[in-house]
Amino acid sequence: MFDSIRTLFKDLAPAVDFCSLRFVEEASEQLTVRQNVLQPVSSGIDRGAMITVMHRGGYGYAASSDVTRAGLQDAIARAQAWAEASRGRSVVDYSAIALPRPSGLFESPASPNGKEWSRKDLIDLLMQESHACAIDPRVVDWQASVWSVASSQLYLTVDGGDIAQHFRYLIPGLAATANQGADTQTRSLGGQYNGYCRQGGLEVLEQAGFHGAGRRVAQEALDLLAAPNCPSGSMDLLLMPEQMMLQIHESIGHPLELDRILGDERNFAGTSFVTLDMFGHYQYGANLLNVTYDPTRPEQFASYGWDDDGSPAERTFLIRNGLLERPLGGAVSQARAGMAGVANSRACSWNRPPIDRMANLNIEPGSSRLDEMIRSVERGVLMDTNVSWSIDDSRNKFQFGCEFGRLIEDGELKGIVKNPNYRGISATFWRSLKAVGDQSTFNVMGTPFCGKGEPSQVIRVGHASPACLFGNIDVFGGE
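Reference entry: report on the structure contained in this document.

Each value, and the rule that gives it
- Position numbers for residues count from 1 along each chain, tracking the sequence in the order it is written.
- Given that the model is predicted, a residue must reach a pLDDT of at least 70 before its local features are reported, and side-chain atom pairs must reach 80 or more before they are shown or counted; all residues, however, enter totals for whole chains, interfaces and linings.
- Hydrogen atoms and water are omitted, and side-chain values are computed over all heavy atoms in the structure.
- Using only the protein atoms, space was sampled on a 1 Å grid; points where a 1.4 Å probe fits but cannot get out form cavities, open sets with protein on both sides within 12 Å along at least five of seven lines form pockets, and lining residues are those with an atom within 4 Å of a point.
- Grid points are joined across faces, edges and corners, and a volume is the space filled by probe spheres set on the points.
- Going along the chain from the N terminus, every DSSP run of H or I of four or more residues is numbered as a helix, and every run of E of two or more is numbered as a strand.
- All residues other than Ala, Val, Leu, Ile, Met, Phe, Trp, Tyr, Cys, Pro, Asp, Glu, Lys and Arg, Gly among them, are scored as polar; the first ten of these are nonpolar and the last four charged.
- An automatic or database domain assignment is the source of the domain bounds shown.
- For every residue, the accessible area obtained with a 1.4 Å probe (protein chains only) is divided by the maximum for its type, and the residue is called buried under 20%, exposed over 50%, and partly exposed between those limits.
- Two strands qualify as a pair provided DSSP detects at least 2 bridges between them.
- Expected span of a helix: the number of residues minus one, times 1.5 Å.
- Comment: arc refers to directions from the helix axis out to C-beta atoms.
- By the convention used here, residues are in contact when the closest approach between their heavy atoms is within 4.5 Å.
- Only Phe, Tyr and Trp rings are paired, with Trp represented by its six-membered ring, and only when their centres lie within 6.5 Å; those with planes under 30 degrees apart are stacked, over 60 edge-to-face, the remainder tilted.
- What counts as a salt bridge is simple: a side-chain nitrogen of Lys or Arg found within 4 Å of a carboxyl oxygen of Asp or Glu.

1. Quick notes on the layout of surface pockets
Then, number 1: Volume-wise, the largest pocket comes out at about 900 Å³.
Then, number 2: As for the largest pocket, its lining consists of 38 residues, of which Tyr59, Tyr61, Tyr94, Pro353 and Ile355 are closest to the centre.
Then, number 3: Looking at the lining of the largest pocket, the elements that each hand over two or more residues are strand S3 (42-55), strand S4 (58-64), helix H2 (69-86), helix H8 (331-337) and strand S15 (355-356).
Then, number 4: Broken down by element, the residue count for the lining of the largest pocket peaks at five residues, all from S4.
Then, number 5: Broken down by class, the residue content of the lining of the largest pocket amounts to 19 nonpolar, eleven polar and eight charged.
Then, number 6: Per-domain counts for the lining of the largest pocket show at least three residues from each of domain 1 (1-226) and domain 2 (233-477).
Then, number 7: For the second largest pocket, the calculated volume is near 510 Å³.

Here it is in structure tokens:
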């Protein structure tokens, strides 16, 4: 398919300042076993192409699922018409923006054992973990799932740019819900947003601890039923990676997206408390805070070689020693803002234009072991796995809830507490960071469900993090 697209684009490419074609072909299959019953298998194939034209300062794009000569010719004509219509009427003079003309190949990591996909093996595994959840009549609902995706993308420019990228994703899911009277508690593997999603093959299930997780999450849901509510007050807060991914996503990732800062997302997904004049001198967090945009980690969910405008992906510090250095902005936003960003101009599919998305956004490991952080706490709560979130439209004031909590008193882990929540303000929360866990506490997380844009785009992102300890946080329970 790639060769025929290359030939057609070479024949049809118009005489304009810039023209690109982005072809995407994606196949997916989702297997789910709920309460020991195999659900209908969900599978699909989606393919199409997006044409982008910049000419005489105008910008236009058009997409088509018809990738024949006639379909691509029509999309090119529509993109040219939009570029002509927007000439002189845009907030940006696109003639001043030089998009890259790259070439190369990117592929997701191959399975180390070379094992091929087997639907029967996966269903057997899901059935095994589902049966393992049914340990008590109070476990009233449970399910296990595996979602596999294979995506191939070809990016061409009229003057010779040519990138091929091939991705394989695996998204495990597992959850059990227990009920007693008016109390219902759910425990899951990686949370409701499939936090253990990664690039690769069946090895992702082992990395996620999927084997044997059914009984564990069911028992923890029962333990939560019997647990007291989380106490309220100002205290230390130890967040594990399954919750850190949400904390990073909402209070660092979205606020640093450059199109939000420039105002493009204001009428739909909101703006940001961050302003352009903060970069280079704003103390975003404590000196312990180091945040990277890193699309080069092979197994992480949003790794790639180039973004959807053809910019090469490179690991870059956004926050170093707590100081805000760079925004999450692709080539067009960088030109508009007049500052350096990163290669994060991304589209969720062939029928959407690329916008600024966060890709892999990670907190770098520190030097504290988990037991050292616990011993340093006089009174606090360990929280794990996000269950609820709320944040204002400037991504500043927030309130997050977790599935699971444990008291920490006088430097020791104590009993389980249920309904643990905390609240804070992004602009000051990260300055309360007291300790950053070492590599032994580090985990690679992500989600397929980051929503943004108008029309809506739901895209894959990755968040790797160690456990982190914060001081004097407003913690509260569910009552």
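Let's pick the thread back up.
2. Re the pairing of strand S6 (residues 139-157)
Then, number 1: With 14 of its 19 residues buried, S6 lies for the most part within the structure.
Then, number 2: Pairing geometry for strand S1 (residues 18-34) and S6, over 15 bridges, is antiparallel. Within S6, the position partnered with Glu29 by the bridge is Ser148.
Then, number 3: In terms of strand pairing, S6 meets strand S7 (residues 162-180) through 17 bridges, oriented antiparallel. Within S7, the position partnered with Tyr155 by the bridge is Ile163.

3. What to know about H2
Then, number 1: With 18 residues, H2 extends 26 Å from end C-alpha to end C-alpha; this agrees with the ideal 26 Å at 1.5 Å per step.
Then, number 2: Every buried residue belonging to H2 is among Gly71, Leu72, Ala75, Ile76, Ala79, Ala83 and Ser86, and all of these are buried. All buried residues of H2 fall inside an arc of 130° around its axis, so they share one side.
Then, number 3: For H2, the elements touching its buried residues are helix H1 (2-12), S1, S3 and S4.
Then, number 4: Just downstream of H2, Gly88 is the residue with a positive phi angle, here 80°.

4. Thoughts on the packing of aromatic side chains
Then, number 1: If you walk through the whole model with that rule in mind, you get 17 aromatic pairs.
Then, number 2: For the pair Phe2 and Phe23, a centre-to-centre distance of 6.0 Å together with 90° between the ring planes defines the contact as edge-to-face. One end of the pair, Phe2, is in helix H1; the other, Phe23, is in strand S1, and 21 residues separate them in sequence.
Then, number 3: On the basis of relative accessibility, which here comes to 14%, the residue Phe2 falls in the buried class.
Then, number 4: Residue class for Phe23 comes out buried when judged on its relative accessible area of 0%.
Then, number 5: Aromatic side chains Tyr59 and Tyr94 sit 4.6 Å apart centroid to centroid with 15° between the ring planes, which places their arrangement in the stacked category. Placement of the pair is Tyr59 in strand S4 and Tyr94 in the loop between H2 and strand S5 (103-107), with a sequence separation of 35 residues.
Then, number 6: Tyr94 sits in the buried class, given a relative accessible area of 13%.
Then, number 7: Taken together, Phe398, Phe400, Tyr422, Phe429, Trp430 and Phe470 form an aromatic cluster joined through their ring pairs.

5. Section: the pattern of salt bridges
Then, number 1: The final tally for this structure, using the stated rule, is 32 salt bridges.
Then, number 2: One salt bridge in this structure joins Arg101 and Asp159, with 2.4 Å as the shortest N-O distance. Of this pair, Arg101 sits in the loop between H2 and S5 while Asp159 sits in the loop between S6 and S7, and the two are 58 residues apart along the sequence.
Then, number 3: The exposure class assigned to Arg101 is partly exposed, which follows from its relative accessible area of 37%.
Then, number 4: The closest approach of N and O atoms between Lys434 and Asp236, which form a salt bridge, is 3.0 Å.

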